[in-house]
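Chain and residue survey
So the chains spell out like this:
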Amino acid sequence: MSDLLTIAGKTYSSRLLIGTGKYKDFDETRESIETSGAEIVTVAIRRTNIGQNADEPNLLDFVSPDKYTILPNTAGCFSAEDAVRCCKLARELLDGHDLVKLEVLGDQKTLYPNITHTLRAARELIDDGFKVMVYTNDDPIVAKELEDMGCVAVMPLGSLIGSGLGILNPHNIKLIMEEANVPIIVDAGVGTASDAALAMEMGCDGVLLNSAVAHAQKPVLMASAMKKAIEAGREAFLAGRMPRKAYASASSPLDGLSR
Amino acid sequence: MKLTVNGDTLSLDGNTIADLVTQMELAGRRLAVEVNREIIPKSQHADFALNEDDVVEIVHAIGGG
């Protein structure tokens, strides 16, 4: 069955997007990402260290832009200006690659998105030719505004970044999906496989996660679990679940029992 | 010449971005460079002349979510 995710005109067979942060080392990063089946992989843009060891390995040697769609993020940016600057550096770094994950954060405690700055940065980046996948809260009005502005995917949080609390307001995510004409990707908050499966069962187009795999006791095994959860959830959504009922309905015929 | 590179003072023996990158033992790596907050494309690194007190940022990709 062909069931592809399309973002900015490019198709992907995996609906799992995965981060590269918080792993023990690059080997674990690479193995987890390979196992997850993800095709879109987020990275952060940071200063090189002065006096860096010349033979210190480089993330992109382990997660090759030839193999994966690299999605640079603006994590750590608390203003529209910083986020836009970060995206421009990423575009130069990745030879003109213009797909970015925009996140403008509000404060250190919650890492909740600052929506006024997010809207401003999204406008500026889109005008500059970027294809913007945008991290936002689970507010359906803001999500629609970001779509109307031209963002190529809207990525509402399930719960706070790195919290592992799952999808705390599935009703809002559904409201966002009802109005959406671009992919809706749950970004942040997924803690374990059932959280990812729930997002997909609800009809989300994809899930972006990092900590749930990187901070599992066995990251590679959790990456495998996430791959299956995303696929199972997606199939369950496409299959269409049975209606919920208040009372029992026997699966075996009640007639014809030997007496 | 004296530069500020990624927030620290650095003395450069040479005058181009390429010289700086080599001195920092970052040659051949995937980088982006800003001079005085303006991005200088890779294609210009060999020729772009730095000046005393320039503020340079050199970034690369690291793990992130």
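Definitions and cut-offs
- Residues numbered from 1 in each chain as written.
- Chains lettered and ligands numbered in written order.
- Predicted model: local features only at pLDDT ≥ 70, side-chain atom pairs only at ≥ 80, totals over all residues.
- Heavy atoms only, no water.
- pLDDT = per-residue confidence, 0-100.
- Helix = DSSP H or I, 4+ residues; strand = E, 2+ residues; numbered from the N terminus.
- Core = buried A, V, L, I, M, F, W, Y, C linked by side-chain atoms within 4.5 Å.
- Buried < 20%, exposed > 50% of the residue type's maximum accessible area, 1.4 Å probe, protein only.
- Contact = heavy atoms within 4.5 Å.
- Phe/Tyr/Trp six-rings, centres within 6.5 Å; stacked < 30°, edge-to-face > 60°.
- Lys NZ or Arg CZ within 6 Å of the ring centre and 35° of its normal.
- 1 Å grid on protein atoms, 1.4 Å probe; cavity = no way out; pocket = protein on both sides within 12 Å on 5 of 7 lines; lining within 4 Å.
- Points joined across faces, edges and corners; volume = space filled by probe spheres on them.
- Nonpolar A, V, L, I, M, F, W, Y, C, P; charged D, E, K, R; others polar.
- Pairing = 2+ DSSP bridges.
- Axes fitted to C-alpha atoms, helices over the stretch in contact; angles between N-to-C directions.

**Some words on the confidence of the model for chain B**
Residue and element names in this part refer to chain B. The predicted model of chain B has a mean per-residue pLDDT of 94, with 100% of residues at 70 or higher. Looking across chain B, the model is least confident in strand β2 (residues 8–11), with a mean pLDDT of 93, and most confident in strand β4 (residues 38–40), with 97. Both confidence scores are given for the complex: pTM 0.92, ipTM 0.93.

**Concerning the nonpolar core**
Residue and element names in this part refer to chain A. Within the largest apolar cluster, 70 residues are counted, with the highest numbers of intra-cluster contacts made by Leu 102, Val 132, Leu 209 and Met 226. In terms of residue count, helix α3 (residues 80–93) provides more of this core than any other element does, eight residues in total. In contact with Met 226, not counting residues within four places along its chain, are Leu 16, Val 190, Gly 191, Thr 192, Ala 193, Ala 196, Leu 209, Ala 212 and Val 213.

**What to know about unusual backbone geometry**
With phi around 50°, Ala 8 of chain A is a residue other than glycine that occupies positive phi space. Positionally, Ala 8 of chain A belongs in the loop between β1 (5–7) and β2 (10–12). By relative accessible area, which is 36% here, Ala 8 of chain A ends up partly exposed. For Asp 53 of chain B, which is not a glycine, the phi torsion comes out positive at approximately 75°.

**Examining the packing of aromatic side chains**
For any two aromatic rings, the description comes down to two numbers: the centre-to-centre distance and the angle of the planes. Residue and element names in this part refer to chain A. With the rule as written, the count across this model stands at one aromatic pair over all chains. The interplanar angle of 35° and the centroid separation of 5.2 Å between the aromatic rings of Phe 26 and Phe 62 together place this pair among those described as tilted. Taken together, the residues span a long stretch of sequence, with Phe 26 in helix α1 (residues 26–36) and Phe 62 in helix α2 (residues 59–62) at a distance of 36 residues. Judged by its relative accessible area of 25%, Phe 26 falls in the partly exposed class. When the ring centre of Tyr 135 is taken as origin, the NZ or CZ atom of Lys 101, which lies over that ring, is 5.8 Å away.

**A word on helix α7 (residues 193–201) of chain A**
All names here are of chain A. By the burial criterion, the buried members of α7 are Ala 193, Asp 195, Ala 196, Ala 197, Ala 199 and Met 200. Looking at the buried residues of α7, the elements they touch are β9 (185–187), β10 (206–209) and α9 (219–239). A positive phi of about 110° marks Gly 203, the residue just after α7.

**Overview of the side chain of Thr 48 of chain A**
With respect to the helices and strands, the residue Thr 48 of chain A is situated in the loop between β4 (40–47) and α2. Setting aside its immediate chain neighbours within four residues, Thr 48 of chain A contacts Asn 6, Met 24, Leu 26, Leu 31, Ile 58, Val 59 and His 60 of chain B.

**Some points on empty space enclosed by the protein**
Residue and element names in this part refer to chain A. Tallying each qualifying case throughout the model produces one cavity of 30 Å³ or more. In this structure, the largest cavity spans a volume of roughly 40 Å³. Forming the walls of the largest cavity are Pro 140, Ala 143, Lys 144, Glu 147, Val 154, Ile 176, Glu 179, Ala 180, Val 182 and Ile 184. Put simply, the parts of the chain that give the lining of the largest cavity at least two residues each are α5 (140–149) and α6 (170–179). Per-element tally for the lining of the largest cavity: the top contributor is α5, with four residues. Its residues placed into classes, the lining of the largest cavity shows seven nonpolar, no polar and three charged.

**Concerning the sheet that holds strand β7 (residues 131–136) of chain A**
Residues and elements named next belong to chain A. Sheet architecture is open: three strands sit in the order β6-β7-β8, paired in parallel fashion. Two strands lie at the open edges of the sheet, namely β6 (99–102) and β8 (153–156), each paired on one side alone. For this sheet, the mean angle separating the axes of adjacent strands, direction not counted, is 20°. Here β6 runs beside β7; their pairing, made up of four bridges, is parallel. Bridging across to β7, Leu 99 finds its partner in Lys 131.

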